[in-house]
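Remarks on the overall topology
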Amino acid sequence: MSSAPTVQQTFIPLSVPEIRGNEWKYVKECLDTGWVSSVGAYVDRFEQDMARTVGSKYAVSVVNGTNALHIAMVVAGVKPGDEVVCSDITFIASANAIRYTGAIPTLIDCEPEYWQLDVHLLRKFLTEECERTNGVLTNRNTGRRVAAIMPVHILGHSVDLDPVLELANEFGLPVIEDAAEGLGTRYKGRRVGSSDSFAACISFNGNKILTTGGGGALVTNNQDVAARAKYLTTQAKCDPIEYIHDEVGYNYRMPNLLAAMGCAQLEQLDDYLAIKKKIASKYHESLGDVPGITVMPHAQWCDPSYWLYTVLVDESTYGEDCRSLMRRLGGQNIQSRPLWEPMHMSKVHGDGYYYGGTVSERLYKTALSIPCSVGLTVEDQARVIKAIRRD
Ligand SMILES: *Cc1c(COP(=O)(O)O)cnc(C)c1O
């Protein structure tokens, strides 16, 4: 007895790198000349191109986005036993970076409309739960010093940043934006990373909108912050000839080889963003009327990059919950992924002070990111849409 052959449809990944520009050429040049390591012309060029692209005065390239966050906090003077206020919904790297300084994350819930840090809650936390004595802000509930605010721009949408910067100013706190997912996103017409926050940190991991294989950058308009970040990420070297170091530094430099790839990737950012936008508008148009599916929202002050296109699945209306939709898509060789576990529920960061309600938990239960690689074909997107529509 023979069974009908099963037609295995090609795999549609969630989000994979797109390499179709000068990557080969620039990387080959590094290999041909031997300039592969942590010094080289591409590192300088990548930093200049990055600053120009986001509209910041300075950029410091590093090995990954997590390191960029760590260094930003060290430069901001975050010390062991301090608290850093962070978005509850984020990839765990944000909270991990806080721990590297010895500080503890204080987690603020997100708002239900755009799924970003809830600025009203942040204000309430700072005004009602904290007190300031002799210029030091203390969380009354824990007795710990609040040292910085880390808003996280998630999924290619931005936090409502201006009120965060105003609050930070009022309370004397540095703002370190986790913009790992925010490259190319615009807030009130300006690119994320161009604000006058203390620093913004970008990631070039393989799943981000641009990749260097692995990499990151700290961008800032503050010359002192940039200079100190560069110094600390290059082993705090005071004298390059005598090898004199006056404090403990870090080896967080981005190698020239990766910067070469980054330069090539950056040249294509505008094209990628246009493609992402097209993919998003097709999803809006084709899934917007599906009962129980909420398509990705965007605030009127934000022009998102649509880094990871994400929908909400309401089980009672859609008839299937987020996880079972994920499994069903998986059965059709379509990759999808739920949102990260909220940090206050995490085994490693759940001991941080949590301020908020249940928005992040609800999003965790219902949000699903669906395929949106720059290289996603029209046919593949149609397959994803058909599967979700159950046509
Ligand atoms: C990817 C990511 C990071 C970490 O970046 P790496 O380059 O992977 O270290 C940090 N925060 C958020 C929100 C991210 O998505």
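As shown above, the structure is provided for reference.
Residues numbered from 1 in each chain as written. Predicted model: local features only at pLDDT ≥ 70, side-chain atom pairs only at ≥ 80, totals over all residues. Heavy atoms only, no water.

Observations concerning the side chain of aspartate 82
Relative to the assigned elements, aspartate 82 resides in the loop between helix H3 (65-75) and strand S2 (83-87). Residue classification places aspartate 82 among the buried positions, given a relative accessible area of 5%. In contact with aspartate 82, other than residues within four places in its own chain, are Gly77, Ala103, Ile104, Arg145 and Ala147. (Helix = DSSP H or I, 4+ residues; strand = E, 2+ residues; numbered from the N terminus. Buried < 20%, exposed > 50% of the residue type's maximum accessible area, 1.4 Å probe, protein only. Contact = heavy atoms within 4.5 Å.)

Structural notes on the pairing of strand S11 (residues 216-220)
Burial analysis of S11 places five of its five residues in the buried class, which makes it a mostly covered element. With burial as the criterion, each face of S11 is covered, one bearing Gly216, Leu218 and Thr220 and the other bearing Ala217 and Val219. The pairing of strand S1 (residues 58-62) with S11 spans five bridges and is classified as antiparallel. By the bridge assignment for S11, valine 62 is matched with glycine 216. Sheet analysis places strand S10 (residues 199-203) next to S11, joined by four bridges and oriented antiparallel. The partner of cysteine 201 across the bridge, within S11, is leucine 218. (Pairing = 2+ DSSP bridges.)

Some words on the sheet that holds strand S15 (residues 302-303)
The strand order S9-S8-S15 describes an open sheet built from three strands, whose pairing is antiparallel. Edge positions in the open sheet fall to strand S9 (190-191) and S15, since each of these has one partner strand only. Relative to S15, strand S8 (residues 186-187) is paired through two bridges, and the arrangement is antiparallel. Along S15, the bridge assignment pairs arginine 186 with aspartate 303.

As for helix H11 (residues 322-331)
Buried residues of H11: Cys322, Leu325 and Leu329, and no others. For H11, the angular spread of the buried residues around the axis is 60°, confining them to a single face. In H11, the exposed residues that point more than 90 degrees away from the buried face are Arg327 and Gly331. Those residues of H11 that are buried are in contact with strand S16 (310-313), helix H10 (315-318), strand S17 (337-338), helix H12 (359-366), strand S19 (367-369) and helix H13 (378-389). The distance from a side-chain oxygen at the start of H11 to the backbone nitrogen of arginine 323 is 3.3 Å, and the residue carrying that oxygen is aspartate 321. One or two positions beyond H11, positive phi appears at asparagine 333, with a value near 65°. (Arc of directions from axis to C-beta. Polar contact = N/O pair within 3.5 Å; in protein donor to acceptor, adjacent residues only side chain to side chain.)

What to know about the sheet that holds strand S3 (residues 104-108)
The parallel open sheet is built from four strands, whose spatial order is S6-S2-S3-S18. Two strands lie at the open edges of the sheet, namely strand S6 (146-150) and strand S18 (354-355), each paired on one side alone. Both S3 and S18 contribute to a ladder of two bridges, which runs parallel. If you follow isoleucine 108 over to S18, its bridge partner there is tyrosine 355.

Brief notes about the site of the ligand
In the vicinity of the ligand, 15 residues are found, and the nearest of them are Thr66, Asp178, Glu181, Ser203 and Lys208. Serine 203 is positioned such that a nitrogen or oxygen atom in its side chain is 2.6 Å from an oxygen atom of the ligand. Lysine 208 is positioned such that a nitrogen or oxygen atom in its side chain is 3.3 Å from an oxygen atom of the ligand. Look at the ligand: alone it shows 380 Å² of surface, and the protein chains cover 93% of it. Of all the secondary structure elements, the ones that give two or more residues to the shell around the ligand are H3 and helix H4 (93-100). Along the lines of polarity and charge, the residues of the shell around the ligand split into four nonpolar, eight polar and three charged. (Near = heavy atom within 4 Å. Areas by Shrake-Rupley, 256 points an atom, 1.4 Å probe, with all protein chains shown as cover. Nonpolar A, V, L, I, M, F, W, Y, C, P; charged D, E, K, R; others polar.)

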